[in-house]
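Residue strings, one per chain:
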Amino acid sequence: MAAPVLLFKEGTSRTTGRDALRNNILAARTLAEMLRTSLGPKGLDKMLIDSFGDVTITNDGATIVKDMEIQHPAAKLLVEAAKAQDAEVGDGTTSAVVLAGALLEKAENLLDQNVHPTIIIEGYKKAYAKALELLPQLGTRIDIRDLSSATTRESLRKIAFTTLSSKFIAEGEEINKIIDMVIDAVTTVAEPLPSGGYNVSLDLIKIDKKKGGSIEDSMLVRGIVLDKEVVHPGMPRRVTKAKIAVLDAALEVEKPEISAKISITSPEQIKAFLDEEARYLKDMVDKLASIGANVVICQKGIDDVAQHFLAKKGILAVRRVKRSDIEKLEKALGARIISSIKDATADDLGYAELVEERRVGNDKMVFIEGAKNPKAVNILLRGSNDMALDEAERSINDALHSLRNILLEPVILPGGGAIELELAMKLREYARSVGGKEQLAIEAFADALEEIPMILAETAGMEPISALMDLRARHAKGLINSGIDALSGKIVDDVFGLNIIEPVRVKAQVLKSATEAATAILKIDDLIAAAPLKS
Ligand code: ADP
C-alpha cells in the first residue's frame, strides 16, 4: 500500500472551489453591509470600542475599517482597498467598500446562473475600463490655467466649501478663513504638470495647532513655524539672512551607555574634568560658527554650557524639534541634516530670509520665513480647545485633498448618485455591444453602480426603489446631472446647482479600488488555513 501523502501540517483546514468563493464573498459582503448606512451626508455613525476599551465614534469609512481589526482574509482585501483609496485621494473610502460589496453581491447572482468566475472577472474589467473612459466626458472641466485668477479661485472656493460644509460645523466667517488659507497653501505649493494640471505635494504643507484664540486667528505662514522657543535669553530673537544648521545630533556631551565610575581624588581633577567637557562643547559650537551658521535647529538637546557658547557667538538656537519638522526643514531650507558636527561643512547649511521668535497667544514660536524653497507653507491653527483644533485639522486635510485632486485633474462630476446612474445607463448600452456571457457581467457591474444612489436615498429617508426608478426616468430623458439631494430628501435635476460635486479623481479611484478588490476575491478558489498557533 502506498504511503499517504501529507501536503499540509496537521490541523490545516482547506475549502476549495465554489465553497471557498462563497465563503469569501460572504465575509467581504458582511463588511460592506456594515458600511452601507454610513454613506453620504446623512450617513450614520459607528461606535467602535477597541481592545483597550477606547471608544471612537465616526462615519469615516477609512477610520472604521482601520479600527475594526478585521480577521477574515477576504474582508481584509476590502480593508486594503479602503486604505489604498485613502492614501491615493484621501476620500471615497466608504463608497469604495460599498461598491466592492455590491459587485460581489451581483457576482454571486451570476455564479448561481453558472457563469464562471473568470468570465465575471473579465466582464468587470471591461466595464471598469469603459467607465474610466466615460468619466471625464460626463463631468465639467474647470479652467485652472491661471491659479491666481478670480474665476479659478472662485471655482476652488466652491470645491473647498463643498468638502468643508459636509463635515465642519463652523460659522460662516470661520469657514471663509479656512478656505482662504487652504487655497493659498495649495496654490503656493502647486507645480505645473505637462498634462495641464498641477502636482500638489501635501508634505510641503505643514499644519500646527496652537490652543487659544479662535479659528479666525489662524494664519498661513509662507515658511515654517516651530512650536519652540529660542533656548537662551542671551541669544538674538531675530536673525535676517539666516544660515541655518539643521542637526539631528545632540549638542551635549555624550553620556556613556553603561554607567561608568570615575574616581576623582582632588578638586583639581574635578575642574579638569569639567573643563574637558566645556572644551568639547565649545569646539562643537566653534565648528558651527566657523562654517557660517547663525541659526542652529536641533532635533535633540542642547546643553546649558553649549547654549552659553552659542549665545556668545550671537547664534539663535532651538532644541528638541520634532523629527518630522526636521525633515520638512531640510526640504524647505535646502539644508542637509547634520549628524556629525565635526564633519559639517558650509554646504550643509540651509537658508531663510528671516528667523524670528514671536508671541502667539501665551506662547512663543519660532517663525522661519523666506525659505530657500518658497513652496513650503505652514498653516498655524488657532482654536479654543483641542477638540475644535482637531476637527479643524481634519477638515483642512479633507479640503487640501479635494483641491489637490482637482488641480491634478480639473474635472468635477455630479454627486448624489447622478454619475453612478449615468454610468450604469451607458454601461448597459456598452454591454449589448459586447454580447455573450460577458454582457451579463457588464450589466451586473451597472447594477452594482446603481446601489450607490439607492443607498443615498435610503439614508436620506427616501424609498430606494422608487428613487431609482425616478432617477432612471430622468437620466433616460437626458438629465444627466439629476441625483439625490440627501439633505432635502428629494431628487433634483441638477446636483451641480446644490454643489453636490465630486472630483473625477476620487470617483475614478473608487471604481479602481472596488473593482480590484472584488476581482481579487473572485479569483480565489482555494482557501488553505493553517491551524492557529496555540497560545
Ligand atoms: P466616502 O467615504 O465614500 O467619501 P461619504 O460619506 O463622504 O463617503 O459619501 C459620499 C457620497 O455622498 C458620494 O456619493 C456623494 O456624491 C454623496 N453626497 C455628498 N453630498 C450629498 C448630498 N447633499 N446629497 C446626496 N448625496 C451626497
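Residues numbered from 1 in each chain as written. Predicted model: local features only at pLDDT ≥ 70, side-chain atom pairs only at ≥ 80, totals over all residues. Heavy atoms only, no water.

- As annotated in an unreviewed UniProt entry, the protein chain carries the name Thermosome subunit and is attributed to Saccharolobus caldissimus.
- We quote the UniProt Sequence similarities (unreviewed entry) comment for the protein chain here in full: "Belongs to the TCP-1 chaperonin family." (UniProt positions renumbered as here; feature names shortened; annotations may be inferred.)

Section: the overall build of the protein chain
Step number 1: Each helix and strand counted, the protein chain has 15 helices and 20 strands in total.
Step number 2: With respect to the three principal axes, the spread of C-alpha positions in the protein chain is 95 × 80 × 45 Å.
Step number 3: By residue count, 48% of the 535 residues in the protein chain fall in the buried class.
Step number 4: For the protein chain, restricting intrachain contacts to residue pairs at least 6 apart in sequence, the fraction spanning at least 24 positions comes to 74%.
Step number 5: Surface exposure of the protein chain reaches about 26,000 Å², of which carbon and sulfur atoms provide 52%.
Step number 6: Positive and negative side-chain charges of the protein chain, numbering 70 and 80 respectively, have mean locations separated by a distance of 3 Å. (Helix = DSSP H or I, 4+ residues; strand = E, 2+ residues; numbered from the N terminus. Buried < 20%, exposed > 50% of the residue type's maximum accessible area, 1.4 Å probe, protein only. Contact = heavy atoms within 4.5 Å. Areas by Shrake-Rupley, 256 points an atom, 1.4 Å probe, with all protein chains shown as cover. Lys, Arg positive; Asp, Glu negative; His and termini not counted. Charge placed at Lys NZ, Arg CZ, Asp CG, Glu CD.)

Description of the nonpolar core
Step number 1: Grouped together as the largest cluster of nonpolar side chains are 66 residues, with contacts concentrated most on Leu78, Tyr124, Leu423 and Leu522.
Step number 2: Residues contacting Tyr124, with those up to four places away along its chain left out, are Leu103, Lys106, Ala107, Ala441, Ala444, Phe445, Thr515, Thr519 and Leu522.
Step number 3: Ranked by size, the runner-up nonpolar core spans 49 residues in total, among them Ile224, Val321, Ala344 and Ala376. (Core = buried A, V, L, I, M, F, W, Y, C linked by side-chain atoms within 4.5 Å.)

Digging into the packing of aromatic side chains
Step number 1: Enumeration over the complete set of coordinates arrives at one aromatic pair.
Step number 2: Between Tyr124 and Phe445, the aromatic rings sit 5.7 Å apart at their centres with planes inclined by 75 degrees, giving edge-to-face as the arrangement. Of this pair, Tyr124 sits in helix α5 (residues 117-134) while Phe445 sits in helix α13 (residues 436-459), and the two are 321 residues apart along the sequence. Taken as a pair, Tyr124 and Phe445 share a single burial class, namely buried.
Step number 3: Over the ring of Phe367 we find Arg358; its NZ or CZ atom is 4.6 Å from the centre of that ring. (Phe/Tyr/Trp six-rings, centres within 6.5 Å; stacked < 30°, edge-to-face > 60°. Lys NZ or Arg CZ within 6 Å of the ring centre and 35° of its normal.)

A closer look at the site of the ligand
Step number 1: Near the ligand lie 19 residues; those nearest to it are Thr94, Ser95, Gly416, Ala486 and Glu502.
Step number 2: A distance of 2.9 Å separates an oxygen atom of the ligand from a polar atom in the side chain of Asp91.
Step number 3: Here an oxygen atom of the ligand sits 3.3 Å away from a polar atom, N or O, in the main chain of Thr93.
Step number 4: Within the complex, the protein chains bury 85% of what would otherwise be the 580 Å² of accessible surface of the ligand.
Step number 5: Within the residue set of the shell around the ligand, elements represented by two or more residues are α4 (93-112) and β17 (483-485).
Step number 6: With three residues, α4 is the largest single contributor of residues to the shell around the ligand.
Step number 7: Along the lines of polarity and charge, the residues of the shell around the ligand split into seven nonpolar, eight polar and four charged. (Near = heavy atom within 4 Å. Polar contact = N/O pair within 3.5 Å; in protein donor to acceptor, adjacent residues only side chain to side chain. Nonpolar A, V, L, I, M, F, W, Y, C, P; charged D, E, K, R; others polar.)

Some thoughts on unusual backbone geometry
Step number 1: Phi at Asn114 takes a positive value of approximately 65 degrees, unusual for a residue other than glycine.
Step number 2: Within the chain, Asn499 stands out as a residue other than glycine whose phi angle is a positive 60 degrees.
Step number 3: Counting through the fold element by element, Asn499 comes out in the loop between β18 (490-492) and β19 (501-503).

A short note on helix α9 (residues 304-312)
Step number 1: Residues of α9 that are buried: Ala306, Gln307, Phe309, Leu310 and Ala311.
Step number 2: Elements in contact with the buried residues of α9: α8 (267-290), β11 (295-298) and β12 (316-318).
Step number 3: For α9, the side-chain oxygen to backbone nitrogen distance between the N-cap and Val305 is 2.7 Å, and the N-cap itself is Asp303.
Step number 4: Looking one or two residues beyond α9, the residue adopting positive phi is Gly314, at roughly 75 degrees.

Observations regarding the layout of surface pockets
Step number 1: Within this model, the second largest pocket holds a volume of roughly 240 Å³.
Step number 2: Taken together, 14 residues make up the lining of the second largest pocket; nearest its centre are Ala250, Glu252, Glu254, Tyr280 and Met284.
Step number 3: The class makeup of the residues in the lining of the second largest pocket is six nonpolar, two polar and six charged. (1 Å grid on protein atoms, 1.4 Å probe; cavity = no way out; pocket = protein on both sides within 12 Å on 5 of 7 lines; lining within 4 Å. Points joined across faces, edges and corners; volume = space filled by probe spheres on them.)

Concerning the sheet that holds strand β8 (residues 219-221)
Step number 1: In spatial order, the strands read β7-β15-β8; together these three strands make up an open sheet with mixed pairing. Looking at which strands have only one partner, the edges of the open sheet turn out to be β7 (205-211) and β8. Strand-to-strand twist in this sheet, taken as the mean axis angle between neighbours without regard to direction, amounts to 25 degrees.
Step number 2: Relative to strand β15 (residues 377-383), β8 runs antiparallel, the two sharing three bridges. (Pairing = 2+ DSSP bridges. Axes fitted to C-alpha atoms, helices over the stretch in contact; angles between N-to-C directions.)

A word on the environment of Ser95
Step number 1: Its location among the elements puts Ser95 in helix α4.
Step number 2: We classify Ser95 as buried; its relative accessible area is 12%.
Step number 3: Placed 79 residues apart in sequence, Ser95 and Thr16 show a C-alpha to C-alpha distance of 30 Å.

Observations concerning the pattern of salt bridges
Proximity of charged atoms lets side chains of opposite charge pair with each other.
Step number 1: With the rule as written, the count across this model stands at 41 salt bridges.
Step number 2: Among the ionic pairs, Lys507 bridges to Glu502, the shortest N-O distance being 3.3 Å.
Step number 3: Residue classification places Lys507 among the buried positions, given a relative accessible area of 5%. (Salt bridge = Lys/Arg side-chain N within 4 Å of Asp/Glu carboxyl O.)

Notes on the environment of Ala448
Step number 1: Here Ala448 shows up in helix α13.
Step number 2: When residues no more than four places from it in sequence are discounted, the contact partners of Ala448 are Leu99, Ala102, Leu103 and Lys106.

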